Amino acid sequence: MNLLFLTILFPFLGFTILAISQGRWSENISAIIGVGTVGLSLFVTICVMFNFYCDAGNDMNFVFVQNLWTWFAINALYITVTLRLDGLSLIMLSLITGVGFIIHLYAAWYMSGCEGYSRFFAYTNLFMANMILLVLSDNLLLMYFGWEGVGLCSYLLIGFYYVDFRNGMAALKAFVITRFGDICLICALFMIFDQYQTLSFSKLLALELKFPSSYHFLSDTTCISFMLLIGAIGKSAQLPLQNWLTSAMVGPTPVSALIHAATMVTSGVYLIIRMSNFFSMTPNILYLTGVIGSLTIVLFGCSALLQSNIKKILAYSTISQIGYMFLALGGRHWGAAMFHVVTHAFFKALLFLAAGSLIYACRHEQNIFKMGGLYKSIPFIYVCFLIGGASLSGIPIVTAGFYSKELIMLKTLVNHDYFFLFSGLIGIFLTPIYTFRMIFVVFHGSNKIKPRICNKITQNFPLVVLLLLSTFIGGWIKLPLSVDIVGTNTNTVCNYSQVYFEIASGFLVIFGIWFASIFWLDSLNSITRQIRRPHLSEIVKRYIILLCYYGWGFDWLYKLIFVKPYLFITKKLSCSDPVNTIINIFTSLLCWLKSGLALSANGKLNWYIVSMNIGAVIILIMILIYDHV
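Residues numbered from 1 in each chain as written. Predicted model: local features only at pLDDT ≥ 70, side-chain atom pairs only at ≥ 80, totals over all residues. Heavy atoms only, no water.

K.L.:
A description of helix α16 (residues 379-393) should follow, citing residues and the corresponding values.
P.N.:
Spanning 15 residues, α16 covers 21 Å between terminal C-alpha atoms, matching the ideal 21 Å at 1.5 Å per step. Buried within α16 are the following residues: I381, Y382, C384, F385, G388, G389, A390, S391, L392 and S393. (Helix = DSSP H or I, 4+ residues; strand = E, 2+ residues; numbered from the N terminus. Expected span 1.5 Å × (residues − 1). Buried < 20%, exposed > 50% of the residue type's maximum accessible area, 1.4 Å probe, protein only.)

K.L.:
I'd like to hear about the nonpolar core, residue by residue, with values.
P.N.:
Note that soluble globular proteins tend to have their nonpolar side chains buried in a common cluster. Membership of the largest hydrophobic core comes to 189 residues, with the highest contact counts inside it found for L85, M275, L358, F385 and F443. At 19 residues, the largest contribution of residues to this core is made by helix α15 (residues 334-361). Not counting residues within four places of it along the chain, the set of residues in contact with F385 comprises I310, L351, A354, A355, L358, A390, M438, I439 and F443. (Core = buried A, V, L, I, M, F, W, Y, C linked by side-chain atoms within 4.5 Å. Contact = heavy atoms within 4.5 Å.)

K.L.:
Got a sec to walk through the pattern of salt bridges? Specific residues and values, please.
P.N.:
Across all of its chains, the model carries 8 salt bridges by this definition. Across the pair R179 and E148 runs a salt bridge, and its minimum N-O distance is 3.5 Å. A residue pair is termed long-range when its members are at least 10 positions apart, and R179 in helix α6 (residues 165-196) and E148 in helix α5 (residues 140-158) qualify at 31 residues. Given a relative accessible area of 15%, R179 falls into the buried group. Here D182 ties to K235 by a salt bridge, and the two come within 3.9 Å at their closest N and O atoms. Of the two residues, D182 sits in helix α6 while K235 sits in helix α8 (residues 220-235), which places them 53 residues apart along the sequence. Of the two residues, D182 and K235, both sit in the buried class. (Salt bridge = Lys/Arg side-chain N within 4 Å of Asp/Glu carboxyl O.)

K.L.:
Talk me through the pairing of strand β1 (residues 64-74); I want residue IDs and the actual numbers.
P.N.:
When a strand is regular, its side chains alternate between the sheet's two faces. In the sheet, β1 pairs with strand β2 (residues 77-85) via 9 bridges, with the strands oriented antiparallel. Considered in β2, the bridge of F72 is made with I79. Where β1 hands over to β2, the hairpin turn is made up of 2 residues, of which N75 adopts a positive phi near 55°. (Pairing = 2+ DSSP bridges.)

K.L.:
Mind laying out the side chain of S303, listing which residues take part and the relevant values?
P.N.:
Looking at the element boundaries, S303 is found in helix α13 (residues 283-305). Setting aside residues no more than four positions away along its own chain, S303 makes contact with Y316, C548, G551 and W552.

K.L.:
Describe the packing of helix α4 (residues 117-136) against helix α11 (residues 267-274), naming the residues involved and giving the relevant values.
P.N.:
Viewed as axis vectors pointing N to C, α4 and α11 meet at an angle of 15°, and their least axial separation amounts to 11 Å. Considering their axes alone, α4 and α11 lie roughly parallel with respect to each other. For α4 against α11, the interelement crossing comes out left-handed. The residues of α11 that touch α4, namely those facing M131, L134 and V135, are S267, Y270 and R274. Residue composition of the contact of α4 with α11, grouped by class: 4 nonpolar, 1 polar and 1 charged. (Axes fitted to C-alpha atoms, helices over the stretch in contact; angles between N-to-C directions. Parallel < 35°, antiparallel > 145°, perpendicular 65-115°, else oblique. Left-handed = near helix turned anticlockwise from the far one by under 90°. Nonpolar A, V, L, I, M, F, W, Y, C, P; charged D, E, K, R; others polar.)

K.L.:
I'd like to hear about helix α1 (residues 6-21), residue by residue, with values.
P.N.:
In this model, α1 (16 residues) spans 22 Å end to end at C-alpha, consistent with the 22 Å of a helix rising 1.5 Å per residue. Taken residue by residue, α1 has L6, T7, I8, P11, G14, L18 and S21 as its buried positions. Along its buried surface, α1 packs onto α2 (27-56), β2, α3 (87-110) and α4. Remark: Q22 follows α1 within two positions and exhibits a positive phi of approximately 55°.

See below:
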């Protein structure tokens, strides 16, 4: 396990080499470096994982700490570059390097022929290095360094096609919105150090238990937890900081799979679990976490129902599925949330990569209503969508998504959190509707586009691996956590209640698929046409449907509250800047004084004599006044 640092070093070396090359090398060499360095990181991860299990045995609380060097020391602030490997960081490390390598392999084919091929792999390698640093750091400041690093890489990759001005604006939007969460996170770090005099995870987990729980809203621990929560929802695209994720879909599709589905957006979940002791001390903030997740599940599941862009459908589904993780966190089900992180990475990466192959086959068309009848032309991609969509929907027994999502719901049932439970059930019903709506529209119905066929091993092999992991195989993975994630507490909930609940949720999934088939499986069906023409009022058409389509108007709201006032103020300041006016007053005064002095130096002797006499008289008067006083 002493080679743990190499998991960060290899991708960073790949970034450095590709950045120095400045795109002068061929695509093959760039791909070998970009994919190979991530592959080496994966190989080291496998070796570390093997050693971890050998050393830990059955002890799930085993921790390995690797101290590399001292970063800086200022009085009580002593920061070291130290890596921490425990069950939680091992899960994230395996997920990042494993899924990351698969996506890099796919990207070697997908990005072929694109301008900036080596630049793309340089950015993704830098992202991998920062993401691994984020999850392996043993102190909050070093973690924050990786946190900001992945934010920077996200900005660079979203705006990868920078020639289009809209892509640059989407990247800027994502950067600005996530910065708000990052500011709250750094404030949490300041408060933690002020209260505990340390930023080390090892010391915080030991010291934090000495402080009693406080239910006061403005207590230090509550403020710290609240700031950590804002930082988490900013990075994980949860309500109300979620609208950057859909705009991020303008980037290359492998970027959507790597950063905005499988790894970076789950870093907020990782942060909350890592700081779980803080959140356990503040049940109000923890409950708020669950409420945010519950609302996110329902609201953006509805938004996914009305989208026509295939990547936006998957983006809204990502927001909704991360909502399930936050719902689990709100009930203190850390293991269940982490289990859903893992399975979600598998089936969402599969769906995004399959969507990339579909977009390539349809000549970069992303509107699902301009596709149709493709299941015969590209059957393998159709199968990938079916398996990925089934796992996303949580079809019972055969999919990985079922096991993780059902575990969250069962643990919520155990805790009697009925608001969370009801929200989760609504999400279970909505998810198969928007998922199979997308599949039925794209692959069934009349042919609207002739796809181009491409079957390369770098395209299909990653899809095969992710397809297998999205089935029940991914649901059998046992995570090395000290909490129970395999089953629920059978002593608290009757086995019959579990069975009834699982049957009911399974029926909801099947009913959702059937409901989607009625509306979208055959667009020419007369019954469907009649159902799709309800006599809705203009208010419903204009407000409810448009609100869902535009993500509940958060872009409009933020533009109204923040963007327009900011532009108004800057426009007014550009015309009459008060600071500039004050500076100009002093400048004018100095200019007037300069002009007066210039008039006095005119070279005339009589003027000088008169001036000296006037000065002497003034001095004499001042002396007389002073003596009189």
